[in-house]
Amino acid sequence: MYACFTSNNQTLLIYCQQAGCDIDSPSPFFRAYSSSGTDHFYTTDYDEMKIAITNGTYTAEHNMGFVFRLPTVSTTLLYRAYSGSAVDHFYTTDQAEVNRAIRNLGYADEGTAAYVYTTQICGSVPLYRLYSAGWTDHFYTTNETERENAIKNLGYANEGIACYVLPDL
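As the structure is a computational prediction, the values presented were derived from the model and not from experiment. (Residues numbered from 1 in each chain as written. Predicted model: local features only at pLDDT ≥ 70, side-chain atom pairs only at ≥ 80, totals over all residues. Heavy atoms only, no water.)

1. Thoughts on the packing of aromatic side chains
Link 1 in the chain: Going through the model one piece at a time under the given rule, you end up with 10 aromatic pairs.
Link 2 in the chain: Relative to Y46, the ring of F30 has its centre 6.0 Å away and its plane inclined at 65 degrees; by these criteria the two rings are edge-to-face. With F30 in strand β2 (residues 30–34) and Y46 in helix α2 (residues 46–54), this pair connects stretches of sequence that are 16 residues apart.
Link 3 in the chain: A centroid spacing of 5.9 Å and a plane angle of 55 degrees characterise the contact between F90 and Y107, whose relative ring orientation is tilted. With F90 in strand β7 (residues 88–92) and Y107 in the loop between α3 (95–104) and β8 (108–117), this pair connects stretches of sequence that are 17 residues apart.
Link 4 in the chain: Its relative accessible area of 8% is what places Y107 among the buried residues. (Phe/Tyr/Trp six-rings, centres within 6.5 Å; stacked < 30°, edge-to-face > 60°. Helix = DSSP H or I, 4+ residues; strand = E, 2+ residues; numbered from the N terminus. Buried < 20%, exposed > 50% of the residue type's maximum accessible area, 1.4 Å probe, protein only.)

2. Quick notes on the pattern of salt bridges
Link 1 in the chain: Throughout the structure, instances matching the rule amount to 7 salt bridges.
Link 2 in the chain: Residues R129 and E97 are paired through a salt bridge, measuring 2.8 Å at the closest nitrogen-oxygen approach. Remark: E97 occurs in helix α3 and R129 occurs in strand β9 (residues 125–132); sequence separation between them is 32 residues. Just as R129 is buried, E97 falls in that class too.
Link 3 in the chain: Between R147 and E148 there is a salt bridge; the shortest N-O distance is 2.8 Å.
Link 4 in the chain: With a relative accessible area of 15%, R147 lands in the buried category.
Link 5 in the chain: For E148, a relative accessible area of 30% translates into the label partly exposed. (Salt bridge = Lys/Arg side-chain N within 4 Å of Asp/Glu carboxyl O.)

3. Considering unusual backbone geometry
Link 1 in the chain: Unlike most non-glycine residues, V87 shows phi in positive territory, near 50 degrees.
Link 2 in the chain: Looking at the secondary structure, you find V87 in the loop between β6 (75–83) and β7.
Link 3 in the chain: By relative accessible area, which is 24% here, V87 ends up partly exposed.

4. Some remarks on the pairing of β9
Link 1 in the chain: Counting buried residues along β9, 7 of its 8 residues qualify, which places the element largely inside the surrounding structure.
Link 2 in the chain: Sheet analysis places β9 next to strand β11 (residues 157–165), joined by 6 bridges and oriented antiparallel. Looking at the pairing, V125 lines up with V165 of β11.
Link 3 in the chain: By the bridge criterion, 5 bridges tie β9 to strand β10 (residues 137–141) in an arrangement that is antiparallel. Considered in β10, the bridge of R129 is made with Y140.
Link 4 in the chain: What sits between the antiparallel neighbours β9 and β10 is a turn of 4 residues, in which T136 has the positive phi angle 50 degrees. (Pairing = 2+ DSSP bridges.)

What follows is the structure in structure tokens.
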């Protein structure tokens, strides 16, 4: 595995460019949490995040890594849907899955959240997906310790790897 975008090693950077890794255009994938709605929210749009925080609904947490705002080599869509009745944001790379959530579970289509990797390439790390039926909350993290704590202590079920993102600096 190569950490292509964080290295100052010129040889490694040249390798990464030759391997088709986009090292110039990743964007932060911001994370916030609403304790009143028990909802985790993720976006690449700083203004959107700022509004969610300014309105007092969400509190900024840390960056979940780096993703892409536009398609780049080897990336796929990360869909975003929202359920107002459940107060839950849902993210998936599976178009059929998001369509089922919209059709059967009352989620609204919120379009494209980002472009992400479906395999671990270019120094990417897993973005784990968890779900709490008790809180009706999807939770995503790149931190394995945070993932384990959510499973062991917070009532979340592991739903596997949602996608791969470039690690936070």
